[in-house]
Amino acid sequence: MYSYQTKKLEMRWRAILSFPPDAGSEATVNITVLDGLNAPVKAGSLELAGLLIDVKDSKAAISFDDFIKGKHEKAIWLHRKGMLPIPGALTFA
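The sections below set out a description of the structure shown in this document. (Residues numbered from 1 in each chain as written. Predicted model: local features only at pLDDT ≥ 70, side-chain atom pairs only at ≥ 80, totals over all residues. Heavy atoms only, no water.)

A look at the side chain of S58
Selection criterion: Starting at the N terminus, helices and strands are each numbered in turn, a helix being any DSSP run of H or I of at least four residues and a strand any DSSP run of E of at least two. Relative accessibility thresholds used throughout: buried, under 20% of the residue-type maximum; exposed, over 50%; partly exposed, between the two (1.4 Å probe, protein chains only). Contact criterion: two residues are considered in contact whenever any of their non-hydrogen atoms come within 4.5 Å of each other.
Tracing the backbone shows S58 in the loop between β5 (51-56) and β6 (59-63). Classification of S58 as buried rests on a relative accessible area of 6%. Leave out the neighbours within four places in its chain, and S58 touches I31, T32, V33, P40, V41 and K42.

If you want it as structure tokens, here you go:
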């Protein structure tokens, strides 16, 4: 996932989702969140799949089941203290 473009690189973000090869409903999808300067996002909340997921030391996680349940939810945002929330979009690489 990537944020929409902003003038300040530190406000941009990207989130890398790591799906296990045998992902089933019990699997955990690990997420790494970096800012536009490739620095770890220390704290915040990632709005994804209709959930608000805590980000701590650039790490977050969601169950595969929750990801699938919320796959049609369009809102993707990163919320960080002291910054405006920045929207993003799901991308596949």
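Here the narrative resumes, following the displayed structure.
Describing the nonpolar core
Inclusion rule: Residues grouped as a nonpolar core are buried Ala, Val, Leu, Ile, Met, Phe, Trp, Tyr and Cys residues, joined through side-chain atoms within 4.5 Å.
Within the largest apolar cluster, 20 residues are counted, with the highest numbers of intra-cluster contacts made by M1, W13, A15, L17, I31, L46 and L48. Listing elements by their share of this core, those giving two or more residues are β2 (13-18), β3 (28-35), β4 (43-48), β5 and β6. Filtering out sequence-adjacent residues up to four positions away, A15 remains in contact with M1, I31, T32, V33 and L46.

Section: the layout of surface pockets
Stated formally: Points on a 1 Å grid, built from protein atoms alone, make a cavity when a 1.4 Å probe fits but cannot get out and make a pocket when they are open with protein on both sides within 12 Å along at least 5 of 7 lines; residues with an atom within 4 Å of a point are the lining residues. Grid points are joined across faces, edges and corners, and a volume is the space filled by probe spheres set on the points. In the scheme used here, Gly and all other residues not listed as nonpolar or charged are polar, with Ala, Val, Leu, Ile, Met, Phe, Trp, Tyr, Cys and Pro taken as nonpolar and Asp, Glu, Lys and Arg as charged.
Each pocket or cavity is described by its volume, and for the largest pocket that value is around 220 Å³. Lining the largest pocket are M1, Y2, R14, A15, I16, L17, F19, F67, L90, T91, F92 and A93. When residues of the lining of the largest pocket are assigned to their parent elements, the largest contribution, four residues, is made by β2. By residue class, the composition of the lining of the largest pocket is ten nonpolar, one polar and one charged.

Section: the packing of aromatic side chains
Inclusion rule: Between 30 and 60 degrees the pair is tilted, below 30 it is stacked and above 60 it is edge-to-face, where a pair is any two Phe, Tyr or Trp rings, Trp via its six-membered ring, whose centres lie within 6.5 Å.
Going through the model one piece at a time under the given rule, you end up with two aromatic pairs. Relative to F64, the ring of F19 has its centre 6.2 Å away and its plane inclined at 90 degrees; by these criteria the two rings are edge-to-face. Remark: F64 occurs in helix α1 (residues 64-69) and F19 occurs in the loop between β2 and β3; sequence separation between them is 45 residues. For F19, a relative accessible area of 37% puts it in the partly exposed group. Measuring from centroid to centroid gives 5.3 Å for F19 and F67, while their planes differ by 70 degrees, and the two rings are edge-to-face.

Comments concerning the pattern of salt bridges
Going by this rule: What counts as a salt bridge is simple: a side-chain nitrogen of Lys or Arg found within 4 Å of a carboxyl oxygen of Asp or Glu.
For the structure on display, the rule yields one salt bridge. A salt bridge links K69 to D65; the nearest nitrogen and oxygen atoms lie 3.3 Å apart. Of this pair, K69 and D65 are both found in helix α1, four residues apart, which corresponds to roughly one turn of the helix. On the basis of relative accessibility, which here comes to 62%, the residue K69 falls in the exposed class.

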